[in-house]
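Summary of structural features
So you can see what is in the structure, the chains are spelled out below.
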Amino acid sequence: MYSFMGGGLFCAGVGNILLIVSTATDYWMQYRQSSNYMHQGLWRYCMPGKCFPHSDSIAHLDATRALMILSLLACFIGIIIGIMAFIHYSSFDRFDKTFAAGILFFISCFLVFLAMTVYTGVTINYYGKRYGNWRFSWSYIIGWVSVVLTFFSGIFYLCAYRMHECPRSTNSH
C-alpha cells in the first residue's frame, strides 16, 4: 500500500512540476514567419530578441490558461492530502485521504487533458490552414507528459485505497 502511495506521490510531484513549467513557459508552438523563427506560449509570443504579452483576449488561450491553473491547484491539493495520508495513514469513516488524493489526481488529469485538447484543436485548425511551417514545441509536449503522470498518480492512489479497503471489508462480515 505504501509503495503505491510513494509511486503516486512521485508521479504527482513530477507531474505538478511539469504542469508549472508547461504553463509558465513560452514554447507551446514555434513557427516561421518572414525567415524568422518565432514561438509562443499561453501568456506571451516571442519574436527574435523580444517577447510581447498576448494583447487580445483569445478564447482558446483563456480557456487553456484557466484549465491549466485549475489542474495545478487540484494536483497541489492532491499532493498535500496524499502526503498527509502517507505520513500518518488514518482514515475517517466518511473521508479517506488516499481516496480523496486519487480523485484529485484524476480531476487534475482531466482538466489538463481538456486544456491540451482545446489548445491542440484550435491550433491545428487555425495555424494548420494559415501557416505551412509550424510545430508544437517542448512546453506543449511537457503538458501531455503531465497528463500521463497525473493519471498514473490517480491509479496508484486508488490501488493503495483498494489494498487498504479489501482487508477491512473482509473482516467486517
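Residues numbered from 1 in each chain as written. Predicted model: local features only at pLDDT ≥ 70, side-chain atom pairs only at ≥ 80, totals over all residues. Heavy atoms only, no water.

Structural notes on the packing of aromatic side chains
Any aromatic ring pair is given by two values, namely how distant the centres are and how the planes are angled relative to each other. As enumerated under the stated definition, the model contains 15 aromatic pairs in all. With a centroid separation of 5.6 Å and 65 degrees between ring planes, the pair formed by Phe106 and Phe151 is classed as edge-to-face. Note that Phe106 is positioned in helix 3 (residues 97-130) and Phe151 in helix 4 (residues 138-171), a separation of 45 residues in sequence. Residue class for Phe151 comes out partly exposed when judged on its relative accessible area of 36%. Arranged with centres 6.4 Å apart and planes meeting at 55 degrees, the rings of Tyr119 and Phe136 form a pair that is tilted. Remark: Phe136 occurs in strand 5 (residues 134-136) and Tyr119 occurs in helix 3; sequence separation between them is 17 residues. The class of Tyr119 is buried, set by a relative accessible area of 0%. Taken together, the ring pairs in this structure connect Trp28, Phe113, Tyr119, Trp134, Phe136, Tyr140 and Trp144 into an aromatic cluster. (Phe/Tyr/Trp six-rings, centres within 6.5 Å; stacked < 30°, edge-to-face > 60°. Helix = DSSP H or I, 4+ residues; strand = E, 2+ residues; numbered from the N terminus. Buried < 20%, exposed > 50% of the residue type's maximum accessible area, 1.4 Å probe, protein only.)

A short note on the environment of Ala24
On the secondary structure map, Ala24 appears in helix 1 (residues 2-24). Residue class for Ala24 comes out exposed when judged on its relative accessible area of 54%. Separated by 41 residues in the primary sequence, Ala24 and Arg65 have C-alpha atoms spaced 9.7 Å apart.

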